[in-house]
Amino acid sequence: RPAVAAPRCLVGGEPPPELSGDAPDVGVGAADESKLLRWYERQIPMLAGRAAPAESRLRRNPKVAATAVMLLKRFYLSHSILECEPMAHCLGAVFLAAKLEDEFVSCADLAAAVL
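Reading guide: rules and limits
- Residues numbered from 1 in each chain as written.
- Predicted model: local features only at pLDDT ≥ 70, side-chain atom pairs only at ≥ 80, totals over all residues.
- Heavy atoms only, no water.
- Helix = DSSP H or I, 4+ residues; strand = E, 2+ residues; numbered from the N terminus.
- Buried < 20%, exposed > 50% of the residue type's maximum accessible area, 1.4 Å probe, protein only.
- Axes fitted to C-alpha atoms, helices over the stretch in contact; angles between N-to-C directions.
- Parallel < 35°, antiparallel > 145°, perpendicular 65-115°, else oblique.
- Left-handed = near helix turned anticlockwise from the far one by under 90°.
- Contact = heavy atoms within 4.5 Å.
- Expected span 1.5 Å × (residues − 1).
- Core = buried A, V, L, I, M, F, W, Y, C linked by side-chain atoms within 4.5 Å.
- Phe/Tyr/Trp six-rings, centres within 6.5 Å; stacked < 30°, edge-to-face > 60°.

Caption draft 1: Here's a closer look at unusual backbone geometry. Residue aspartate 102 is not a glycine yet carries a positive backbone phi of 60 degrees. Secondary-structure assignment places aspartate 102 in the loop between helix H3 (86-100) and helix H4 (107-114). What makes aspartate 102 exposed here is its relative accessible area of 73%.

Written as C-alpha cells, this is what we have:
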C-alpha cells in the first residue's frame, strides 16, 4: 500500500492534520482515500463557488461548483486518487463545469488562482 502524500491546497490554508502524510510507514486504506477526496471536493466551492473571495475572478454561480464536484466524483469512481493528481483534476473539473454551465473561465485565471 502506498504512503499518503500531503495534499496541495487549491485556495490556501493547510490540509487537516490527518491528511498530512507525516507517518512514512502507514499505508492508505479506502477510508483515507475517501477522506482525501472529500477534502478536495470541499476545496472546489472555495475556488469557484460562492465561497470564493469576492475579489476572485473565478467566483461563479454555485451550479458551476456543484457540477465540478460531480465531475470530480465521477472521475474518481473509476480511478484511484493515489494514481492521478487530484489538484489538476479539480482545476480541469472547474474548467469543464464552467463550460457546461455557460460561464466563461479562462485558463489564465485558473492558473493565477492557484499559484
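Caption draft 2: Quick peek at the packing of H3 against H4. Here H3 crosses H4 at 140 degrees, and the two axes come no closer than 11 Å. As far as their axial angle goes, H4 and H3 are oblique. Viewed along their axes, H3 and H4 form a crossing whose handedness is right-handed. In this structure, H3 uses Met87, Leu91, Val94 and Phe95 to contact H4, whose residues at the interface are Cys107, Leu110 and Val114.

Caption draft 3: Spotlight on helix H1 (residues 30-48). Along its 19 residues, H1 runs 28 Å from first to last C-alpha, staying within 8% of the 27 Å computed at 1.5 Å per residue. Taken as a whole, H1 has its buried residues at Leu36, Leu37, Trp39, Tyr40, Glu41, Gln43, Ile44, Leu47 and Ala48. Looking at the packing, one finds that the buried side of H1 touches helix H2 (62-78), H3 and H4.

Caption draft 4: Molecular detail of the nonpolar core. With 26 residues, the main nonpolar core has Tyr40, Ile44, Leu47, Leu72, Val94 and Leu110 as its most contacted residues. When contributions to this core are tallied by element, the ones reaching two or more residues are H1, H2, H3 and H4. In contact with leucine 110, other than residues within four places in its own chain, are Leu47, Leu58, Leu91, Val94, Phe95 and Val105.

Caption draft 5: The arrangement of the side chain of threonine 67 in detail. In this fold, threonine 67 is placed in helix H2. Residue classification places threonine 67 among the buried residues on the basis of a relative accessible area of 11%. Apart from residues no more than four positions distant in its own chain, threonine 67 is found in contact with Ala97, Leu100 and Glu101.

Caption draft 6: Region of interest: the packing of aromatic side chains. The tally for this structure, following the rule as stated, stands at 2 aromatic pairs. Measuring from centroid to centroid gives 5.0 Å for tryptophan 39 and tyrosine 40, while their planes differ by 80 degrees, and the two rings are edge-to-face. For the pair tryptophan 39 and tyrosine 40, a shared accessibility class is recorded, and that class is buried. Relative to tyrosine 76, the ring of phenylalanine 75 has its centre 5.0 Å away and its plane inclined at 85 degrees; by these criteria the two rings are edge-to-face.

Caption draft 7: Representation of the environment of methionine 87. Looking at the element boundaries, methionine 87 is found in helix H3. Owing to a relative accessible area of 7%, methionine 87 belongs among the buried residues under this scheme. Residues methionine 87 and tyrosine 40, 47 residues apart in the sequence, show an inter-C-alpha distance of 7.6 Å.

Purely geometric numbers; function is a separate question.
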